[in-house]
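# Examination of the molecular architecture
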Amino acid sequence: MVIKVFLASSSGSTAIKKKQQDVVGFLEALKVEYTPLDIACNEDNRMWMRENVPSEKKPSNGIPLPPQIFNEEGYCGDYETFFNAKEDNLVYSFLGLDPPPGSKEALQAEKSAVKENGTHVEETSTEENLDKSRSEEVPVEERNGKAHREGEEQDTIEEVEGEATEDRAVGLEEALAEGEEEEAVEETEDAEARAGEYEEEEEADEDKEEEEDDVDETKEDE
């Protein structure tokens, strides 16, 4: 792409000369390649410039004054629009060129692209959606999670109570079994004791009867 700058080398207007110098000097400072086209010495250049400046950009008399700037056949603007673009750091956009990496305009273009593409909006929306999802999920978690935890706690309590009941039942059975064994031992001991007493009584009765028999025999002998 070729940047064309239409100039009037022999213009008697100091204002026009200054404007032309500003445009050319700034393009050279940016190292933007351009082609100067003199309309004072070349009638074809002057006619081409006048024909290709959009009608809405022409002054009231219909004759555009230099400097006029084009990118190939595409119209960029006059000095005023160039000056505004320079003030806004948009000269490359004004010229229809890609700004070099690291330039103010490139950084500004990246920021604009971020906003236009909605990256910032998407991030904000994502954060809002996350916050909203958290706020919506919390009640559900409280309901489901709490109910689940309460159910687990209730199951644990029931298990503990069931185990305790089983332990008590086993303990009671063991106690009853031990009590029955003790009672059986006591009954056995009582029975043995009674049997011993009965034997002693029988022996005593036998001894008594023998003594009585001896006494009777003695009396008969006498």
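Look above for the structure.
Let us look at the structure shown here. (Residues numbered from 1 in each chain as written. Predicted model: local features only at pLDDT ≥ 70, side-chain atom pairs only at ≥ 80, totals over all residues. Heavy atoms only, no water.)

### As for the packing of aromatic side chains
Scanning all chains against the criterion turns up seven aromatic pairs. With 5.4 Å between their ring centres and 80° between their planes, F6 and F70 make a pair best called edge-to-face. Here the residue F6 occupies a position in strand 1 (residues 3–7), and F70 occupies one in strand 3 (residues 68–71), the gap between them amounting to 64 residues. Across the pair, exposure class does not vary: F6 and F70 are buried alike. On the basis of an interplanar angle of 70° and a centroid distance of 5.7 Å, the ring pair of F82 and F94 is categorised as edge-to-face. With F82 in helix 3 (residues 79–87) and F94 in helix 4 (residues 91–95), this pair connects stretches of sequence that are twelve residues apart. For F82, a relative accessible area of 1% gives the class buried. Aromatic rings pair up to connect F6, W48, F70 and Y75 into one cluster. Taking the ring centre of W48 as reference, the NZ or CZ of K4 above it sits at 4.9 Å. In this structure, K86 packs its charged tip against the face of F26, placed 5.2 Å from the ring centre. (Phe/Tyr/Trp six-rings, centres within 6.5 Å; stacked < 30°, edge-to-face > 60°. Helix = DSSP H or I, 4+ residues; strand = E, 2+ residues; numbered from the N terminus. Buried < 20%, exposed > 50% of the residue type's maximum accessible area, 1.4 Å probe, protein only. Lys NZ or Arg CZ within 6 Å of the ring centre and 35° of its normal.)

### Let's talk about the environment of N89
The residue N89 is located in the loop between helix 3 and helix 4 in this model. Between the C-alpha atom of N89 and that of E105, which follows or precedes it by 16 residues, the distance is 5.5 Å. Setting aside anything within four residues of it in sequence, one finds N89 in contact with K104, E105 and Q108. (Contact = heavy atoms within 4.5 Å.)

### What to know about helix 1 (residues 14–29)
Taking 1.5 Å of rise per residue, the 16 residues of helix 1 would be expected to cover 22 Å, and the 22 Å separating its terminal C-alpha atoms lies within 8% of that figure. Buried residues of helix 1: I16, Q20, V23, V24 and L27, and no others. One side of helix 1 holds all its buried residues, which, seen down the axis, span an arc of 90°. Along helix 1, exposed side chains directed more than 90 degrees from the buried face belong to T14, K18, Q21 and A29. Close packing links the buried residues of helix 1 with strand 1, strand 2 (34–38), strand 3, helix 3 and helix 4. (Expected span 1.5 Å × (residues − 1). Arc of directions from axis to C-beta.)

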